[in-house]
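# Observations on the model geometry
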Amino acid sequence: MAATSLENIDQYIAGFSGDVREKLQTIRELVHNTIPQAVESISYQMPSFKYNGKILVYFAAFKNHIGFYATPEANIAFKDELSAYKTTKGTVQLPYDKPIPTELLRKMILFKATSNEIKKKK
């Protein structure tokens, strides 16, 4: 996808086709179904969701994978379950040739939402 100024997630997803578009939409729907109060936005030219005024998750399509960003604390908490995926400090790479691990992502989203709630109370 060309680097343009995106206004919303619909525009982002529309820039892709086929399986990539479906996987992006699956992640979007998963976030909405998991945390209905999450607010869509574009941040760093990527789809993102905010919850309690803080970033919940980001995701983005790349050449061979979708990057899912739930911050380092979520990656640390789910280290064992993420062992089948390439990860970096705050990223999980979801290869296009594998199904989206929806239950794992759901747990990571819930973990991050709880973290946002705790931080808001401080």
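Let me sum up the structure you'll find in this document. Every value quoted in this text rests on a predicted model; they were computed, and no experiment measured them. (Residues numbered from 1 in each chain as written. Predicted model: local features only at pLDDT ≥ 70, side-chain atom pairs only at ≥ 80, totals over all residues. Heavy atoms only, no water.)

## Some remarks on the side chain of threonine 91
Quick note on the threshold: Labels follow the DSSP assignment, with helices taken as runs of H or I lasting at least four residues and strands as runs of E lasting at least two, numbered in each case from the N terminus. Whether two residues are in contact is decided by their heavy atoms: any pair within 4.5 Å suffices.
Inspection of the secondary structure puts threonine 91 in strand β6 (residues 91–95). Setting aside residues no more than four positions away along its own chain, threonine 91 makes contact with Gly67, Phe68, Tyr69, Asn75 and Lys86.

## Topic: the pattern of salt bridges
For side chains of opposite charge, pairing can occur when their charged atoms come near one another. Selection rule: Put simply, a salt bridge is a Lys or Arg side-chain nitrogen that is within 4 Å of an Asp or Glu carboxyl oxygen. Partly exposed describes any residue whose relative accessible area lies between the buried limit of under 20% and the exposed limit of over 50%, with all areas from a 1.4 Å probe on protein chains only and scaled to the type maximum.
Summed over all chains, the structure comprises five salt bridges. Two residues, glutamate 40 and arginine 28, come together in a salt bridge whose shortest N-O distance is 2.7 Å. Highlighted residues: glutamate 40 in strand β1 (residues 39–43) and arginine 28 in helix α2 (residues 18–34), separated in sequence by 12 residues. On the basis of relative accessibility, which here comes to 28%, the residue glutamate 40 falls in the partly exposed class. For lysine 112, the salt bridge is made with glutamate 73, and the minimal N-O distance between the two is 3.2 Å. Highlighted residues: lysine 112 in helix α4 (residues 102–121) and glutamate 73 in helix α3 (residues 71–77), separated in sequence by 39 residues. Residue classification places glutamate 73 among the partly exposed residues on the basis of a relative accessible area of 28%. Salt bridges sharing common partners tie together Asp10, Arg28 and Glu40.

Shape is all these values report; function is a separate question.
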